Amino acid sequence: MATHTFPEPVVVTHGPSDPDAPLVVLLHGRGSHEGEIISLAPHLPQGLQYAAVRAPIAEGGGFAWFANRGIGRPVAESLAATMAWFRAWLDDVAPEGRPVVLVGFSGGAAFAGGLLLADPQRFVGGAILFATMPFDAGLPTTPERLAGTSTLVIQGDTDQVIPGELLDRTWDYLTGESGATTTALREPGGHDLTAASRQALSAWLEDVTA
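Please read all numbers here as calculations on a predicted model, not as lab measurements. Counting from 1, residues in each chain are numbered in the order their sequence is written. Totals for whole chains, interfaces and linings use every residue, but because this is a predicted model, local features are given only for residues with pLDDT of at least 70 and side-chain atom pairs only at 80 or more, for both listing and counting. Heavy atoms from the whole structure form the basis of all side-chain values; hydrogens and water molecules are not counted.

Engineer: So, the sheet that holds strand β11 (residues 181-187): which residues are in play, and what are the values?
Structural biologist: Across the sheet, seven strands lie side by side as β1-β3-β2-β8-β9-β10-β11; this open sheet has mixed pairing. Looking at strand neighbours, the two that pair on one side only are β1 (11-14) and β11, the edges of this open sheet. Neighbour-to-neighbour, the strand axes of this sheet turn through a mean angle of 15°, independent of strand direction. Bridge analysis of strand β10 (residues 150-156) against β11 gives seven bridges, and the strand direction is parallel. Within β11, the position partnered with Val153 by the bridge is Ala184. A pair of strands is considered paired only if DSSP assigns at least 2 bridges between the two. Secondary structure follows DSSP: runs of H or I at least 4 residues long count as helices, runs of E at least 2 residues long count as strands, and numbering of each begins at the N terminus. Simply put, an axis is a line fit to the C-alpha atoms, just over the touching stretch for a helix, and the angle between two N-to-C directions goes from 0 to 180 degrees.

Have a look at this one:
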């Protein structure tokens, strides 16, 4: 899957247009689109610029970030290609030196996790919401790989979408051997962004962009 086969990024933004303001990239779940995830922005800290990007692979009535070998298990070649496409866009809108935070839900969070693992120094941090890190997808998940990076992991106790073993592995890696500074929250609900998770995300963003 070559990078040039993907369409030009479709992006919607919220907040100041200041090119020096921290950029928070919102990454929607599989089968969704940028118009849904940008609805988070009014509930999050103001003064930051939010950009919701449409995933490049059309799927059903929405879009996906990578081809799957199974739920939560990206095809390595597909993930590498879409990450290269995304980085070409990001490096244009946010040159090195501008703080960038990734916020992903479900499939978008697995994509965010891939970006973090591929180049942890590029990002201030990443929020992995109701999702798995992209294990066994050609990316390093070695000890201390995310040292110096801030992460937020939120999971639902009754999530029936992401396989439980992947949720557990993600929790253990981000709160342990990854070396990341991680805020971790488990909720009693399922696979859904709740008011409590939005509040936790907002507080975390305020902290990492201070």
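Let's pick the thread back up.
Engineer: Give a description of the packing of aromatic side chains that names residues and reports values.
Structural biologist: Pairing of aromatic rings covers Phe, Tyr and Trp, the last through its six-membered ring, and needs centres within 6.5 Å; plane angles under 30 degrees mean stacked, over 60 mean edge-to-face, and all others mean tilted. Per the counting criterion, the structure on display carries six aromatic pairs. Between Trp65 and Phe111, the aromatic rings sit 4.5 Å apart at their centres with planes inclined by 20°, giving stacked as the arrangement. Residue Trp65 is found in the loop between β5 (62-64) and β6 (68-70), and its partner Phe111 is found in helix α3 (residues 107-118); the two are separated by 46 residues along the sequence. When the centroid spacing of 5.6 Å and the interplanar angle of 85° are considered together, the rings of Phe86 and Phe111 count as edge-to-face. Of this pair, Phe86 sits in helix α2 (residues 76-93) while Phe111 is found in helix α3, placing the two residues 25 residues apart along the sequence. Throughout, exposure labels follow a simple rule: accessible area from a 1.4 Å probe, protein chains only, divided by the maximum for the residue type, with under 20% read as buried, over 50% as exposed, and the rest as partly exposed. We classify Phe86 as buried; its relative accessible area is 0%. Three or more aromatic residues link up through ring pairs in this structure, and these residues are Trp65, Phe86, Trp89 and Phe111. Against the face of Phe135 rests Arg169, its NZ or CZ located 4.1 Å from the ring centre. Of note, Arg186 hangs over the ring of Trp171, and the distance from its end group to the ring centre comes to 3.7 Å. We call a charge positioned above a ring when the Lys NZ or Arg CZ atom is no farther than 6 Å from the ring centre and deviates by at most 35 degrees from the ring normal.

Engineer: Describe the side chain of Thr170, and please don't skip the residues or the numbers.
Structural biologist: Counting through the fold element by element, Thr170 comes out in helix α4 (residues 164-175). Among the residues examined, Thr170 registers a relative accessible area of 0% and is labelled buried. Polar contact is the term for a pair of N or O atoms within 3.5 Å; when the atoms are in protein, one must be able to donate a hydrogen and the other to accept it, and sequence-neighboring residues count only if both atoms are side-chain atoms. A polar atom in the side chain of Thr170 sits 2.9 Å from the backbone nitrogen of Met133. Among the polar contacts listed, one links the side chain of Thr170 to the backbone oxygen of Leu166, at a separation of 2.9 Å. Excluding residues that lie within four positions of it along the chain, Thr170 makes contacts with Ile128, Ala131, Thr132, Met133, Phe135, Val153 and Gln155. Throughout, a contact is declared for two residues whenever any of their heavy atoms are within 4.5 Å.

Engineer: Go over the pairing of strand β2 (residues 23-27), please, and point to the residues and values.
Structural biologist: For β2, the buried fraction is high: five of the five residues fall into the buried class. Here β2 runs beside strand β3 (residues 49-53); their pairing, made up of five bridges, is parallel. Looking across to β3, one finds that Leu23 is bridged to Gln49. Note: β2 against strand β8 (residues 100-105), five bridges, orientation parallel. Across the sheet, residue Leu26 finds its bridge partner in β8, namely Val103.

Engineer: Would you mind going over the environment of Pro188 in detail, with residue names and values included?
Structural biologist: Positionally, Pro188 belongs in the loop between β11 and α5 (195-208). For the pair Pro188 and Gln155, spaced 33 residues apart in sequence, the C-alpha to C-alpha distance is 8.8 Å. Residue contacts for Pro188: discarding those within four places in its chain leaves Asp157 and Thr158.

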